[in-house]
Amino acid sequence: YEVFGVSERAARLPLALAALAGLAGVWWLGAWLFSAAVGEGAVLVLGTMLVYAGLSHMITPDMTLTAALVWATALGLRVLHRPEDSPWAAPAAWLAVAAAFLSKGLVAVLLPGLWAAALALLQPQFRPGFRRLVLSPGPLLALAVVGTWVYAMERAAPGFCRVFFLEQHFQRFLDVGKYNRPGGWWYFLAEAAWGSLPWTPAALLALGRPFLRWGKGDPRELAVALWPALVIAFFTTSSSKLPTYILPAFPFMALLTARLLSEGLPDKSLRAAAALLAGILTLAAPAADALAPRFVTGLGSFEAVLASAALAA
């Protein structure tokens, strides 16, 4: 606003830049982890996924959080895979974590920390990189960035820390009565399906394949698949649910989808994934029909939209 003035364009510009930064992060990760073709394919898939494309037009901190987490996890995975790159990749990963914290708080530290620890626990080859990631100067850099911001905010608005940490983190996560945003265990599973449109059959198959081939598949795919699985599982346990919460899961789902499509997709597998999509959309239709008027005006019946999507699948 200071630079461009108060306008809709000025308000939307940071979200557009964040969405582009997320695409750039997926391209970089896919290119070095798999191949240039997978990186480019992931950009195409993610940029056209319903939730990612839609939220790039809505003013919400979830897009800036997602872009920062894409880079935090991509750089963290670089350290885990190539410990020799830790002198530059580890501090950069922690600075990306700090940027994610400035977007939406403690989840920016908790989720990458759990994910990296799980990878080190499940795959011994990642343990040297994990030690370098933790013992680098990065945590001190991140603490300096975050601590300076929290201190400045508390001075400018006394009581900020209580509202930010206690109410917006712990009470939001644990207390359904305060925010009245409940949802069933299927809530984010359904969103993972409709949010991935039009790539949903391939995306669901790509996400499930590393777990179905546990111990026999490509360990790189398992490392990537653990991230969206963790994000979805974490927010499923929350008492407050909103569709924007699992946006950070979609970049890695797009990467897995591009990886799968680059190998060729068997028709039988695609039909099975499409049938699964149809079932999920059918279950989600009543909830979507009730929630849609809150977000989209002039919509007759979202249930009809989902039914059409299920029929097409």
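In what follows, the structure referred to is the one given above.
So, here's what we can say about the structure. Keep in mind that what you see is a predicted model, and the values were worked out from it rather than measured.

1. With respect to the overall build of the chain
When helices and strands are counted, the chain shows 16 helices and zero strands. Scored against the burial criterion, the 313 residues of the chain give a buried share of 46%. Here the contacts in the chain between residues at least 6 apart in sequence split such that 76% fall between residues at least 24 apart. Put simply, the chain shows about 15,100 Å² of open surface, and 69% of that area lies on carbon and sulfur atoms.

2. So, the nonpolar core
Leu-77 and Phe-235 are the most contacted members of the largest nonpolar core, which has 76 residues in total. For this core, the element with the highest residue contribution is helix α4 (residues 61–81), accounting for eleven residues. When neighbours within four sequence positions are excluded, Leu-77 is seen to be in contact with Leu-29, Trp-32, Leu-33, Trp-115, Leu-119, Ala-223 and Val-224.

3. Points about the pattern of salt bridges
Two side chains carrying opposite charge are able to pair once their charged atoms lie near each other. Across all of its chains, the model carries nine salt bridges by this definition. Across the pair Arg-220 and Asp-218 runs a salt bridge, and its minimum N-O distance is 2.7 Å. Among the residues examined, Arg-220 registers a relative accessible area of 24% and is labelled partly exposed. Taking the shortest distance from any N to any O, the salt bridge between Glu-263 and Arg-259 comes out at 3.5 Å. Here Glu-263 pairs with Arg-259, and both are found in helix α14 (residues 250–263), just four residues apart, close to one helical turn.

4. Some thoughts on the environment of Ala-254
Tracing the chain through its elements places Ala-254 in helix α14. Sequence separation between Ala-254 and Val-26 is 228 residues, and the spatial gap between their C-alpha atoms is 8.4 Å. When neighbours within four sequence positions are excluded, Ala-254 is seen to be in contact with Ala-42, Val-45, Leu-46 and Met-49.

5. Some details on unusual backbone geometry
The bulk of non-glycine residues show a negative phi, and the bulk of peptide bonds are trans. Residues Leu-197 and Pro-198 are joined by a peptide bond in cis, for which omega reads 5°. Among the structural elements, Pro-198 can be located in the loop between α11 (187–194) and α12 (200–212).

6. Some points on a nonpolar patch on the surface
On the surface, Val-3, Phe-4, Leu-13, Leu-17 and Leu-20 cluster together into a nonpolar patch covering about 540 Å² of accessible area. Within the element layout of this structure, Leu-17 appears in helix α1 (residues 8–33).

7. Some points on the environment of Met-49
Residue position: Met-49 is located in the loop between α2 (36–48) and α3 (50–55). Remark: the alpha-carbon pair of Met-49 and Trp-194, spanning 145 residues in sequence, is separated by 9.2 Å. Look past the residues within four positions of Met-49 in its chain and what remains in contact with it is Gly-54, Gly-195, Ser-196, Leu-197, Trp-199, Ala-203, Phe-250, Met-253 and Ala-254.

8. Digging into α14
For α14, with 14 residues, the first-to-last C-alpha span of 20 Å sits near the 20 Å given by 1.5 Å per residue. By the burial criterion, the buried members of α14 are Phe-250, Pro-251, Phe-252, Met-253, Ala-254, Leu-255, Leu-256, Thr-257, Ala-258, Arg-259 and Leu-260. Positive backbone phi, approximately 95°, marks Gly-264, located one or two places after α14.

9. With respect to the packing of α1 against α2
Look at α1 against α2: their axes get within 7 Å of each other, and the N-to-C directions meet at 150°. By the criterion of interaxial angle, the relationship of α1 to α2 is roughly antiparallel. Both α1 and α2 take part in a crossing whose hand is right-handed. The segment α1 lies against α2, with Gly-22, Leu-23, Val-26, Trp-27, Gly-30 and Ala-31 engaging Ala-36, Val-38, Gly-39, Glu-40, Ala-42, Val-43, Leu-46 and Gly-47. Each residue belonging to the contact of α1 with α2 can be placed in one class, and the counts come to nine nonpolar, four polar and one charged.

So, how was this worked out
Residues numbered from 1 in each chain as written. Predicted model: local features only at pLDDT ≥ 70, side-chain atom pairs only at ≥ 80, totals over all residues. Heavy atoms only, no water. Helix = DSSP H or I, 4+ residues; strand = E, 2+ residues; numbered from the N terminus. Buried < 20%, exposed > 50% of the residue type's maximum accessible area, 1.4 Å probe, protein only. Contact = heavy atoms within 4.5 Å. Areas by Shrake-Rupley, 256 points an atom, 1.4 Å probe, with all protein chains shown as cover. Core = buried A, V, L, I, M, F, W, Y, C linked by side-chain atoms within 4.5 Å. Salt bridge = Lys/Arg side-chain N within 4 Å of Asp/Glu carboxyl O. Patch = residues over 30% accessible without salt bridge, like charges linked within 9 Å, V, L, I, M, F, W, Y side chains within 5 Å. Expected span 1.5 Å × (residues − 1). Axes fitted to C-alpha atoms, helices over the stretch in contact; angles between N-to-C directions. Parallel < 35°, antiparallel > 145°, perpendicular 65-115°, else oblique. Left-handed = near helix turned anticlockwise from the far one by under 90°. Nonpolar A, V, L, I, M, F, W, Y, C, P; charged D, E, K, R; others polar.

Purely geometric stuff here, so don't read any function into it on its own.
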